[in-house]
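Chain residues, written in single-letter form:
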Amino acid sequence: MARSSEEGDDPYLWLEELDGTDAAGWVRDRNAETIAALTDDEAFAGLRAEIRQVLDAEERTRQSP
């Protein structure tokens, strides 16, 4: 992203403060929005159930002789 020579011209400069509480809160909020958008539908619920079924299958837990 191009930046101007003056700090005051970049309204998103605060996001570069990796340890800043404001930046961390902004990232947390965006992550929550993304997780909600990706998981709040029936397709996700069905896929999750299918994956859980495969992972929990007895055939997976049996040891080879």
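Residues numbered from 1 in each chain as written. Predicted model: local features only at pLDDT ≥ 70, side-chain atom pairs only at ≥ 80, totals over all residues. Heavy atoms only, no water.

(A) Main features of the environment of Asp-41. Along the chain, Asp-41 turns up in the loop between helix 1 (21-39) and helix 2 (42-56). Judged by relative accessible area, Asp-41 falls into the partly exposed class, the value being 40%. Here the side chain of Asp-41 touches Ala-43 through a polar contact of 3.0 Å, landing on its backbone nitrogen. (Helix = DSSP H or I, 4+ residues; strand = E, 2+ residues; numbered from the N terminus. Buried < 20%, exposed > 50% of the residue type's maximum accessible area, 1.4 Å probe, protein only. Polar contact = N/O pair within 3.5 Å; in protein donor to acceptor, adjacent residues only side chain to side chain.)

(B) The arrangement of the side chain of Asp-10 in detail. With respect to the secondary-structure elements, Asp-10 resides in the segment before helix 1. Taking relative accessible area as the criterion, Asp-10 reaches 13% and is therefore assigned buried. Reaching out from Asp-10, the side chain makes a polar contact with the backbone nitrogen of Tyr-12 at a distance of 2.9 Å.

(C) Local environment of the confidence of the model for the protein chain. Per-residue confidence for the protein chain gives a mean pLDDT of 86, with 83% of residues at or over 70. Summarising per-element confidence for the protein chain, the mean pLDDT is lowest in helix 3 (residues 58-61) (80) and highest in helix 1 (95). Note on residues 1-5: pLDDT is under 50 here. Beyond four places in sequence and across chains, it has four contacts. (pLDDT = per-residue confidence, 0-100. Contact = heavy atoms within 4.5 Å.)

(D) The arrangement of the packing of aromatic side chains in detail. Going through the model one piece at a time under the given rule, you end up with one aromatic pair. Consider the rings of Trp-14 and Trp-26, whose centres lie 6.4 Å apart with planes at 85°: the pair is edge-to-face. Residue Trp-14 is found in the segment before helix 1, and its partner Trp-26 is found in helix 1; the two are separated by twelve residues along the sequence. Judged by relative accessible area, Trp-26 falls into the partly exposed class, the value being 36%. (Phe/Tyr/Trp six-rings, centres within 6.5 Å; stacked < 30°, edge-to-face > 60°.)

(E) Representation of the pattern of salt bridges within the structure. Within the structure shown, the criterion is met by two salt bridges. Glu-33 is the partner of Arg-30 in a salt bridge, and the nearest nitrogen-oxygen pair spans 2.9 Å. A residue pair is termed a helical-turn pair when its members lie 3 or 4 positions apart in one helix, as Arg-30 and Glu-33 do in helix 1 at three residues. By relative accessible area, Glu-33 is classed as partly exposed at 47%. (Salt bridge = Lys/Arg side-chain N within 4 Å of Asp/Glu carboxyl O.)

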